[in-house]
Amino acid sequence: LVQPWVAVTNRVPKLQRIRRVGAYLSRRQVRILNTPGGRLLRAQLGDVPLGEYDDGPDAAAGAIALLGG
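Report follows, based on the coordinates. Note that this is a predicted model, so its numbers are computed, not measured.

### Some words on the overall build of the chain
Then, in step 1: When its secondary structure is counted, the chain shows 3 helices and 0 strands.
Then, in step 2: Reading the helices (α) and strands (β) of the chain from amino to carboxyl end gives α-α-α.
Then, in step 3: With the C-alpha coordinates aligned to their principal axes, the bounding extent of the chain is approximately 30 × 30 × 20 Å.
Then, in step 4: Sequence-distant contacts in the chain: of pairs separated by 6 or more residues, those separated by 24 or more amount to 56%.
Then, in step 5: About 5700 Å² of surface is accessible on the chain, with carbon and sulfur atoms providing 56% of the total.
Then, in step 6: Of note, the chain has its 10 positive side-chain charges centred 13 Å away from the centre of its 5 negative side-chain charges.

Laid out in structure tokens, this is it:
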């Protein structure tokens, strides 16, 4: 399935966007596969807000938002 490119203008602070992901994970509406990339995403989610990298969690939040979440 190929999705068209969509330009997104974020008006919500990055940390607030990332924190929304936790609600979807806790309700099991979104699951992260046990793959190298999935483990990296879980590690980055666990490190927010003090971790060095937060682009993966921000991308996950953006994907959830594009799906209507």
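### Points about the side chain of Asp-58
Then, in step 1: Structurally, Asp-58 can be placed in helix H3 (residues 55–66).
Then, in step 2: On the accessibility criterion, Asp-58 (16% relative accessible area) is buried.

### Here's the deal with the packing of aromatic side chains
Aromatic ring pairs are described here by two measures, namely the spacing of the ring centres and the angle between the planes.
Then, in step 1: Tallied over the entire structure, the rule returns 0 aromatic pairs.
Then, in step 2: In this structure, Arg-27 is placed above the aromatic ring of Tyr-24, and the distance from its NZ or CZ to the ring centre is 5.0 Å.

### Digging into the nonpolar core
Considering soluble globular proteins, one finds that nonpolar side chains tend to be buried as a cluster.
Then, in step 1: Ile-18, Val-21, Tyr-24, Ile-32, Leu-41, Leu-45, Val-48, Ala-60, Ala-61 and Ile-64 form the largest nonpolar core, which has 10 residues in total.
Then, in step 2: Broken down by secondary-structure element, the contributors of at least two residues to this core are helix H1 (14–26), helix H2 (36–47) and H3.
Then, in step 3: If we ignore the near neighbours within four places in the chain, the residues touching Ile-32 are Leu-25, Gly-38, Leu-41, Arg-42 and Leu-45.

### What to know about H2
Then, in step 1: The end-to-end C-alpha distance of H2 is 17 Å, a good match for the 16 Å that 12 residues give at a rise of 1.5 Å each.
Then, in step 2: Every buried residue belonging to H2 is among Gly-38, Leu-41, Gln-44 and Leu-45, and all of these are buried. Here the buried residues of H2 occupy an arc of 125° about the axis, which is enough to place them on one side. For H2, the exposed residues set more than 90 degrees away from the buried face come down to Pro-36 and Gly-46.
Then, in step 3: Contacts from the buried residues of H2 go to H1 and H3.

### So, H1
Then, in step 1: Arg-17, Ile-18, Val-21 and Tyr-24 are the residues of H1 that are buried. Buried residues along H1 cover an arc of 95° about the axis, so they all sit on one side. Exposed side of H1, more than 90 degrees from the buried face: Arg-19 and Ser-26 are the residues found there.
Then, in step 2: Where H1 ends, the next residue or the one after it, Arg-28, has phi of about 60°, a positive value.

What counts as what
Residues numbered from 1 in each chain as written. Predicted model: local features only at pLDDT ≥ 70, side-chain atom pairs only at ≥ 80, totals over all residues. Heavy atoms only, no water. Helix = DSSP H or I, 4+ residues; strand = E, 2+ residues; numbered from the N terminus. Contact = heavy atoms within 4.5 Å. Areas by Shrake-Rupley, 256 points an atom, 1.4 Å probe, with all protein chains shown as cover. Lys, Arg positive; Asp, Glu negative; His and termini not counted. Charge placed at Lys NZ, Arg CZ, Asp CG, Glu CD. Buried < 20%, exposed > 50% of the residue type's maximum accessible area, 1.4 Å probe, protein only. Phe/Tyr/Trp six-rings, centres within 6.5 Å; stacked < 30°, edge-to-face > 60°. Lys NZ or Arg CZ within 6 Å of the ring centre and 35° of its normal. Core = buried A, V, L, I, M, F, W, Y, C linked by side-chain atoms within 4.5 Å. Expected span 1.5 Å × (residues − 1). Arc of directions from axis to C-beta.

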